[in-house]
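# Structural overview for review
Spelled out, the chains give:
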Amino acid sequence: MNLFRKKSISDGNAESSLKKVLGAFDLTMLGVGAIIGTGIFVLTGVAAAKYAGPALILSFIIAGIACAFAALSYSELASMLPESGSTYTYSYIAFGELIAWILGWDLLLEYGLASSAVASGWSGYFQGLLSGFGIHLPNFLSSAFDPAKGTVIDLPAVMIVLLIAFLLSRGVKESARFNTVMVFIKIAVVFLFIIVGVWYVKPANWTPFTPFGFSGITTGAAVVVFAYFGFDAVSTAAEEVKNPQRNLPIGIISSLTICTILYIVVSSILTGIVPFQKLGVKDPVAFALRFINQDWAAGFISLGAIVGITTVLIVMMYGQTRLFYSISRDGLLPKALSRVHSKRKVPVTSTWVTGLLVSLFTGFIPLDKLAELTNIGTLFAFSAVSLGVAILRKTRPDLERGFRTPLVPVIPILAVIISVYLMLQLRAFTWKGFFVWLVIGLVIYFTYGYRHSRLNETKQNENISLEKKI
């Protein structure tokens, strides 16, 4: 069995039936749309209260450095291999089919759980907004299945997921335009918090600065990696980008830079307004404004959070649809998932399969204990991409690169070291769940993917042709 057969650089590009409509600005907005959302509106409070305290700013800096190193590697590979599939596609060329499948399967978990968790967060803010108008959903429709609480299904989460699936099925340009409008709204809301909140910062709230020690800072960094998840989703749009060699690196690096600055500023103001012990709430940014009696601004923040989390959901689900499309096109999953609508030029089947699966997870399964699985999958992917850059520099120095990662192999090695270190900070439960998911993936690969792989079919056709000639 040739488990490490590699895809050639030209495989897939010539057959792409997706429409090239996205520019650097569209990609930057997709990245910001994915990154600024749950992380800034929800995760900042939890990470400060449970892990890092005021030193949360250092957690964001550490996580941001890890992501920056990985982003440089993503930028080189995306400019060199402008195909859908992100890490999966890069590893297929650098490492071979089995490793590519493992990473692709890992990314399916990553995007699926991230989308489900984000949809659950959206539901919480949406129900909070409704309650402000005196509207309350029946308890059994308000959250995922939990007999102890009497809940059966999170109906708002299911509805928003299906609505996003419908939007994505209409076309990528339409989705990008909608995303851009919503990104501007949520950036305006973040600036509103900064402008209002900065006048109420009390330096005394930053003492003690590291209440949980250095281990708390690193654990916080491992948790807030989720807040950065999204810039890599930009690379999944590669086949729909105009001039990908130029625009992909711009989109990846600029979106990460913008969001890192905003995270640092918001977390410092947040912990300066409210003692960190009180930030373990679902809506910490709005809570901080209510804490200083700025209820009018808190209302805008809540509305902006709903908008912001919606854009995250758009990009997360978009990334998963393109991943299904790429893996299916290579034959490792059923071919129906790579069918493209003749007029809209989008993989409609993949889009609706993603919508149904995410709505199932978010509607019925409580995801609080599974949230860290998204982080371990993300860090695993960062490590693989960084290794891929170093390997391809040695094995394929002839390839044209629209962007070159500086200081290779130093930058890729640092990205791997930091990513693995942060992975080791995650709980044993997370590692067990991750390995169970990988075992399920290997079973699917050996029972279906290996035999139906397009590379396998190509090899069989070559053997038949050779036999005929003989």
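So, how was this worked out
Residues numbered from 1 in each chain as written. Predicted model: local features only at pLDDT ≥ 70, side-chain atom pairs only at ≥ 80, totals over all residues. Heavy atoms only, no water. Helix = DSSP H or I, 4+ residues; strand = E, 2+ residues; numbered from the N terminus. Rg over C-alpha atoms; globule rule 2.2 N^0.38 Å. Buried < 20%, exposed > 50% of the residue type's maximum accessible area, 1.4 Å probe, protein only. Contact = heavy atoms within 4.5 Å. Areas by Shrake-Rupley, 256 points an atom, 1.4 Å probe, with all protein chains shown as cover. Lys, Arg positive; Asp, Glu negative; His and termini not counted. Charge placed at Lys NZ, Arg CZ, Asp CG, Glu CD. Axes fitted to C-alpha atoms, helices over the stretch in contact; angles between N-to-C directions. Parallel < 35°, antiparallel > 145°, perpendicular 65-115°, else oblique. Nonpolar A, V, L, I, M, F, W, Y, C, P; charged D, E, K, R; others polar. Salt bridge = Lys/Arg side-chain N within 4 Å of Asp/Glu carboxyl O. Phe/Tyr/Trp six-rings, centres within 6.5 Å; stacked < 30°, edge-to-face > 60°. Patch = residues over 30% accessible without salt bridge, like charges linked within 9 Å, V, L, I, M, F, W, Y side chains within 5 Å. Left-handed = near helix turned anticlockwise from the far one by under 90°. Expected span 1.5 Å × (residues − 1). Bend = angle between axes of the 7 residues up to and from the residue. Core = buried A, V, L, I, M, F, W, Y, C linked by side-chain atoms within 4.5 Å. pLDDT = per-residue confidence, 0-100.

## Overview of the overall build of the chain
Along the chain, the regular secondary structure elements total 17 helices and zero strands. Against the globule reference of 23 Å for 470 residues, the chain gives a C-alpha radius of gyration of 22 Å, in line with a compact fold. In terms of principal-axis extent, the alpha carbons of the chain reach across some 85 × 50 × 40 Å. The buried share of the chain, taken over its 470 residues, is 58%. Long-range pairs, those at least 24 residues apart, make up 84% of the contacts in the chain between residues at least 6 apart in sequence. Carbon and sulfur atoms form 69% of the exposed surface of the chain, whose accessible area is close to 18,600 Å². When the 37 positive and 24 negative side-chain charges of the chain are each reduced to one mean point, those points stand 2 Å apart.

## What to know about the packing of helix 2 (residues 38-52) against helix 3 (residues 56-80)
Interaxial distance between helix 2 and helix 3 falls to 9 Å at its minimum, and their mutual angle equals 110°. Viewed along their axes, helix 2 and helix 3 adopt a mutual orientation that is roughly perpendicular. For the pair formed by helix 2 and helix 3, the contact residues are Thr44, Ala47, Ala48 and Ala52 on the first element and Leu56, Ser59 and Phe60 on the second. Here the residues of the contact of helix 2 with helix 3 are counted per class, giving five nonpolar, two polar and no charged.

## Some points on the pattern of salt bridges
One pass over the structure, following the stated rule, counts five salt bridges. The partner of Lys7 in a salt bridge is Asp330, with the nearest N and O atoms 3.2 Å apart. Note that Lys7 is positioned in the segment before helix 1 (24-35) and Asp330 in the loop between helix 12 (295-329) and helix 13 (348-364), a separation of 323 residues in sequence. Here Lys7 falls in the buried class, since its relative accessible area comes to 4%. Asp330 sits in the buried class, given a relative accessible area of 2%. Arg396 is paired through a salt bridge with Asp398; the nearest N and O atoms lie 3.2 Å apart. For Asp398, a relative accessible area of 56% gives the class exposed.

## Some details on the packing of aromatic side chains
Counted under the stated rule, the structure contains 16 aromatic pairs. Both rings, one in Tyr88 and one in Tyr92, keep their centres 5.7 Å apart while their planes meet at 65°; by these two values the pair is edge-to-face. Of this pair, Tyr88 and Tyr92 both sit in helix 4 (residues 87-94), four residues apart, which is roughly one turn of that helix. Judged by relative accessible area, Tyr88 falls into the buried class, the value being 0%. Both rings, one in Trp105 and one in Trp437, keep their centres 4.4 Å apart while their planes meet at 10°; by these two values the pair is stacked. Placement of the pair is Trp105 in helix 5 (residues 97-132) and Trp437 in helix 16 (residues 428-452), with a sequence separation of 332 residues. Overall, the relative accessible area of 9% leaves Trp105 in the buried class. What links up through ring pairs into an aromatic cluster is the set Trp101, Trp105, Trp437, Tyr445, Phe446 and Tyr450.

## Topic: a nonpolar patch on the surface
The grouping of Phe140, Phe145, Val152, Leu357, Leu360, Phe361, Phe364 and Ile365 at the surface amounts to a nonpolar patch, some 670 Å² of accessible area in total. The residue Val152 is located in the loop between helix 5 and helix 6 (155-169) in this model. Overall, the relative accessible area of 37% leaves Val152 in the partly exposed class.

## Notes on unusual backbone geometry
Working note: non-glycine residues mostly have negative phi, and peptide bonds are mostly trans. Cis geometry marks the peptide bond from Thr207 to Pro208, where omega comes out at -5°. Summarising the element assignment, Pro208 is placed in the loop between helix 7 (172-197) and helix 8 (213-228). Of note in this structure, Leu407 is not a glycine but carries a positive phi near 55°. Structurally, Leu407 can be placed in the loop between helix 14 (371-395) and helix 15 (410-424).

## Structural notes on the packing of helix 5 against helix 16
Running from amino to carboxyl end, helix 5 crosses helix 16 at an angle of 125°, the nearest separation of the two axes being 10 Å. Taken together, the axis directions place helix 5 and helix 16 in an arrangement best described as oblique. Considering only the axes of helix 5 and helix 16, their crossing is right-handed. Between helix 5, through Glu97, Leu98, Trp101, Ile102, Trp105, Asp106 and Leu109, and helix 16, the contact on the second element is made entirely by Phe434, Trp437, Leu438, Ile440, Gly441, Leu442, Ile444, Tyr445, Phe446 and Tyr450. Taken together, the residues that form the contact of helix 5 with helix 16 break down as 14 nonpolar, one polar and two charged.

## Some words on helix 2
The periodicity of an α-helix, 3.6 residues per turn, causes residues three or four places apart in sequence to face the same way. If you check helix 2, its first and last C-alpha atoms are just 18 Å apart, much less than what 15 residues at 1.5 Å a residue would give, namely 21 Å. At Thr44, helix 2 shows its largest bend, some 35°. A large share of helix 2 lies buried, amounting to twelve of its 15 residues. Those residues of helix 2 not exposed but buried are Thr38, Gly39, Ile40, Phe41, Val42, Leu43, Thr44, Gly45, Ala47, Ala48, Ala49 and Ala52.

## Some details on the nonpolar core
With 135 residues, the main nonpolar core has Phe41, Tyr74, Phe193 and Phe231 as its most contacted residues. Ranked by residues supplied to this core, first place goes to helix 12 with 16 residues. Residues within four places of Tyr74 in sequence aside, it is in contact with Ser86, Thr87, Tyr90, Phe231, Asp232, Ser235, Ile252, Ala381, Phe382 and Val385.

## Focus on the side chain of Thr151
Mapped onto the secondary structure, Thr151 falls in the loop between helix 5 and helix 6. Setting aside residues no more than four positions away along its own chain, Thr151 makes contact with Asn139, Phe140, Ser142, Ser143, Ala144, Phe145 and Asp146.

## Focus on the confidence of the model for the chain
Mean pLDDT over the chain: 83, with 90% of residues reaching 70 or higher. Per-element mean pLDDT across the chain ranges from 62 in helix 17 (residues 454-469) up to 91 in helix 16.

## Description of helix 8
Taking 1.5 Å of rise per residue, the 16 residues of helix 8 would be expected to cover 22 Å, and the 23 Å separating its terminal C-alpha atoms lies within 8% of that figure. Maximum bend of helix 8: about 30°, positioned at Ala222. Across the 16 residues of helix 8, twelve count as buried, placing the element largely inside the fold. Looking at helix 8, one finds that the buried residues are Gly216, Ile217, Thr218, Gly220, Ala221, Ala222, Val223, Val224, Val225, Phe226, Ala227 and Tyr228. Backbone geometry just downstream of helix 8 places Gly230 in the positive-phi region, at approximately 150°.

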